[in-house]
Each structure stands twice: as structure tokens, then as C-alpha cells.
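Structural description and commentary
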Amino acid sequence: MGSDAGQDNERPVHRVWVDAFRLAQYQVTHEDYARFLEGTRSIPPPLWNDPNFNQPDQPVVAVSWFEAVGYCEWISEISGRKYRLPSEAEWERAARGGMEQQLFPWGAAPPESLPNYDRRWKTGPEPVGRYQPNAFGLFDICENVHEWCSDWYQASYYSVSPERNPRGPEAGERRASRGGSWRHHIKVTRCAARSSIPPAFQYADYGFRLACDAPG
């Protein structure tokens, strides 16, 4: 976990073990989130009706960390299965697709080498699942929108992180997120790259995907 080629908050590179888990193939979509709003009579997030962001198969955006957790709790209740946000360690493990010491889910080639890179993400995130998944079958991992993680963020956490199932510090002011963003200059991020914002913020390039423990 981590990278010597990245920022200071990605060091030291260290090995961690995580218990078996599952991560959703796709980012939660606008259509998915609409069912949550209807079922809970919640207030839609900003940009809900903006045509750049409201297509059914686009990832939902501008949801706060609290709203993402609320969605996890709602779908857990109606499905009878416990869903949650992934930890940073789980997310990075999944993003790498079994390839260690590589910068991106596909290897070391730069994002600009991806098909149609220069024509993608002009005014918002793409509909999910349009391009090849990684080796674990996950679509749009490291791209499209930042994805909320469960952890509190701490830049120096890797120096004190436990080896097994790290879950982040006990408290903080910002929640961790992972993945790239449609509105950044470089649209696809490295697997090890870390980001964070305060949990109440609602940004147009923030979404999430679900995780759950693997069946025993």
C-alpha cells in the first residue's frame, strides 16, 4: 500500500492484510440514488437536476460523506445485507486488481494512453461501465468521480497504520476519498493517490461505491 512515486502522504510503502470483502462493480448511479430519495423522502443533493449530471447511468455526484453513509444504511435495511463504504486499504487493494507495485489499474502506461482519453469527461462524469474494467471486474476505478471512503484522513497515518485491516485514525476533520475526477487536468489517478475533504462538503466530482464483507 502506498507509493514512493507519489506524495508524502503515500509513504512509507507498507504491506497490509485485509479480510475478504466485496466492492461494487459500479459507482452508485443517479438512478440508484433516486430510489433512495424516494424511499427515504430525503432532499436531493445539489446539481440533481443539472443535465450535465442527472442522466440515470451517470454516477451520482455532490453527495456528502454523511449522505453516502445514509445510502449504505438504507440499502442495508431493505436488502438485509450490511453495506458500507470501503476503507482506504480495501479501496486500494481493489483498485490494483491484484497487480502490486504498478501505478495504475492497467500497469505503468500514462492515462493519456487510454482509448479516447482526449475526448472524454468534457462537462461531467461519464455513464458508468463504458470502458474496460480492471482485473477484478471493477469499472471506472481511479476515474470519473472521487469515491468516499470510510476512514478519517490523516496525512501521516501510514507511519502508524496497523498491518491488519487498517481503518484510519479514530477522529479527524476530513474524510478520505480515492480515485480520479472528471474535472481535474489529469482525469485518472494512480491507485495509491490519496485525497480528502470535510465530510459535509458536496462537490460535483464526488460520488461513492458500496462495499460489504464477504460471506463467511
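The structure reproduced in this document is the subject of the present report.

About the cut-offs
- Residues numbered from 1 in each chain as written.
- Predicted model: local features only at pLDDT ≥ 70, side-chain atom pairs only at ≥ 80, totals over all residues.
- Heavy atoms only, no water.
- Axes fitted to C-alpha atoms, helices over the stretch in contact; angles between N-to-C directions.
- Helix = DSSP H or I, 4+ residues; strand = E, 2+ residues; numbered from the N terminus.
- Parallel < 35°, antiparallel > 145°, perpendicular 65-115°, else oblique.
- Contact = heavy atoms within 4.5 Å.
- Nonpolar A, V, L, I, M, F, W, Y, C, P; charged D, E, K, R; others polar.
- Salt bridge = Lys/Arg side-chain N within 4 Å of Asp/Glu carboxyl O.
- Buried < 20%, exposed > 50% of the residue type's maximum accessible area, 1.4 Å probe, protein only.
- Phe/Tyr/Trp six-rings, centres within 6.5 Å; stacked < 30°, edge-to-face > 60°.
- Lys NZ or Arg CZ within 6 Å of the ring centre and 35° of its normal.
- Pairing = 2+ DSSP bridges.
- Polar contact = N/O pair within 3.5 Å; in protein donor to acceptor, adjacent residues only side chain to side chain.

1. Some thoughts on the packing of helix α1 (residues 30-40) against helix α2 (residues 65-79)
Contact geometry of α1 with α2 gives a least axis separation of 11 Å together with a crossing angle of 75°. The angle between the axes of α1 and α2 places the two elements in the roughly perpendicular class. From α1, D32, Y33, R35, F36, G39 and T40 reach across to α2, where they touch E67, G70, Y71 and W74. A class-by-class count of the residues in the contact of α1 with α2 yields four nonpolar, three polar and three charged.

2. Details of the pattern of salt bridges
Taken as a whole and assessed by the stated rule, the structure comprises 15 salt bridges. Linking E90 and R167 is a salt bridge whose minimum nitrogen-to-oxygen distance equals 3.4 Å. Separated by 77 residues along the polypeptide, E90 in helix α3 (residues 88-96) and R167 in the loop between β2 (146-152) and β3 (175-178) bring together distant segments of the chain. Under the relative-accessibility criterion, E90 is labelled buried at 2%. On the basis of relative accessible area, R167 is assigned to the partly exposed category, the value being 39%. By sharing partners, the salt bridges in this structure join E88, E92, R96, R178 and R194 into a single network.

3. A short note on the packing of aromatic side chains
Inspection of every chain in the model, using the stated rule, returns 15 aromatic pairs. Measuring from ring centre to ring centre gives 4.9 Å for W148 and Y206, while their planes differ by 55°; the resulting arrangement is tilted. Pair noted here: W148 is in strand β2 and Y206 is in strand β5 (residues 206-207), with a separation of 58 residues, a long-range link. On the accessibility criterion, Y206 (3% relative accessible area) is buried. Taking 6.1 Å as the distance between ring centres and 80° as the angle between the ring planes, the aromatic pair formed by Y203 and Y206 counts as edge-to-face. According to the relative accessible area criterion, Y203 is partly exposed, its value standing at 30%. Put simply, the rings of Y33, F36, W48, Y71, W74 and F208 pair up and form one aromatic cluster. Sitting over the ring of W152, R175 keeps its end group 3.7 Å from the ring centre. Residue placement shows R194 over the ring face of Y158; its charged tip is 4.5 Å from the ring centre.

4. Comments concerning the sheet that holds β5
Sheet architecture is open: four strands sit in the order β4-β3-β2-β5, paired in mixed fashion. Every interior strand has two partners, whereas the edge strands, β4 (195-197) and β5, have only one. Where β2 lies against β5, two bridges are found, and the strand directions are parallel. Following the sheet pairing, E147 is matched in β5 by G207.

5. A short note on the side chain of S177
The topology assignment puts S177 in strand β3. Of the polar contacts made by the side chain of S177, one reaches the side chain of S195; its length is 2.7 Å. At 2.7 Å, the side chain of S177 forms a polar contact with the side chain of Y206. Every residue in contact with S177, bar those within four places of it in the chain, is listed here: E147, W148, C149, R194, S195, S196 and Y206.

6. Remarks on the pairing of β2
For β2, the tally of buried residues reaches six of seven residues, placing the bulk of the element in the interior. As paired elements, β2 and β3 share three bridges and run antiparallel to each other. In the sheet register, W148 faces β3, and the bridge partner there is S177.

7. Quick word on unusual backbone geometry
Note the cis peptide between R11 and P12, where omega equals 0°. Among the secondary structure elements, P12 is positioned in the segment before β1 (21-23). Positive phi values are uncommon outside glycine, yet R41 reaches one of about 55°. Secondary-structure assignment places R41 in the loop between α1 and α2.

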